[in-house]
Amino acid sequence: AAYQIIYDLNKHQKGPRMTPDSELIKPDKQKEWKKALKEWSNFLKHADKDPAGTIFFNLEVNEYILYDAVTSYSLITGGSRPLLQCFQAWFILTHLNLFEAEYIDRITKTIPINHLVSMSRIEFFQYVLPIITSGQIVTQSKPPDLKCKV
């Protein structure tokens, strides 16, 4: 609910695009992206209309929501933290099919992904987090402003 308030206010004030409207997501994946981000909040919001309703707890949905929170934090504060940057890199590299090629190209110029993609989540964080905190990888405070292919 708090995120929705920030999202609505930001959109009304014509602020920067937030994650649900990201230009970094391929146009043909936008619907899937928005559905994943809203599934749980819609279920909880409408519980009074369907008190016997159930929802399958899909752990992957949390990854989408966390990515959204990390990206929104970066947009709102104009900065980020190494652990958040590490999670953001991991999410992007494990969901390459969602993101525009130009964004993936920018990421791969910064992070050597060839051997990282095959790592487990723990291995990835153990390997990448020290690199980010050491300054060997220059990360951005927010995603680049890319144009949609629509």
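Residues numbered from 1 in each chain as written. Predicted model: local features only at pLDDT ≥ 70, side-chain atom pairs only at ≥ 80, totals over all residues. Heavy atoms only, no water.

(A) Representation of the confidence of the model for the protein within the structure. For the protein, the mean per-residue pLDDT works out to 77, and 86% of the residues sit at or above 70. Confidence, expressed as mean pLDDT per element, reaches its minimum in the protein at helix H1 (residues 2-12) with 74 and its maximum at helix H6 (residues 121-134) with 90. In the model, residues 140-150 has pLDDT below 50 throughout and makes 27 contacts with residues more than four positions away in sequence or in other chains. (pLDDT = per-residue confidence, 0-100. Helix = DSSP H or I, 4+ residues; strand = E, 2+ residues; numbered from the N terminus. Contact = heavy atoms within 4.5 Å.)

(B) Main features of the pattern of salt bridges. Per the stated rule, a full pass over the model turns up 2 salt bridges. Between Lys29 and Glu32 there is a salt bridge whose closest N-O contact spans 3.7 Å. Notably, a salt bridge pairs Arg121 with Glu63, separated by 3.4 Å at the nearest N-O pair. Taken together, the residues span a long stretch of sequence, with Arg121 in helix H6 and Glu63 in helix H3 (residues 59-77) at a distance of 58 residues. By relative accessible area, Arg121 is classed as partly exposed at 45%. (Salt bridge = Lys/Arg side-chain N within 4 Å of Asp/Glu carboxyl O. Buried < 20%, exposed > 50% of the residue type's maximum accessible area, 1.4 Å probe, protein only.)

(C) Looking closely at the nonpolar core. Membership of the largest hydrophobic core comes to 26 residues, with the highest contact counts inside it found for Trp33, Tyr67, Phe91, Phe99 and Phe124. When contributions to this core are tallied by element, the ones reaching two or more residues are helix H2 (30-45), H3, helix H4 (82-94), helix H5 (101-110) and H6. Counting residues per element, this core draws most heavily on H4, at 7 residues. Phe99 has contacts with Leu24, Ile25, Lys26, Tyr67, Phe91, Ile92 and Ile104, leaving out every residue within four places of it along the chain. (Core = buried A, V, L, I, M, F, W, Y, C linked by side-chain atoms within 4.5 Å.)

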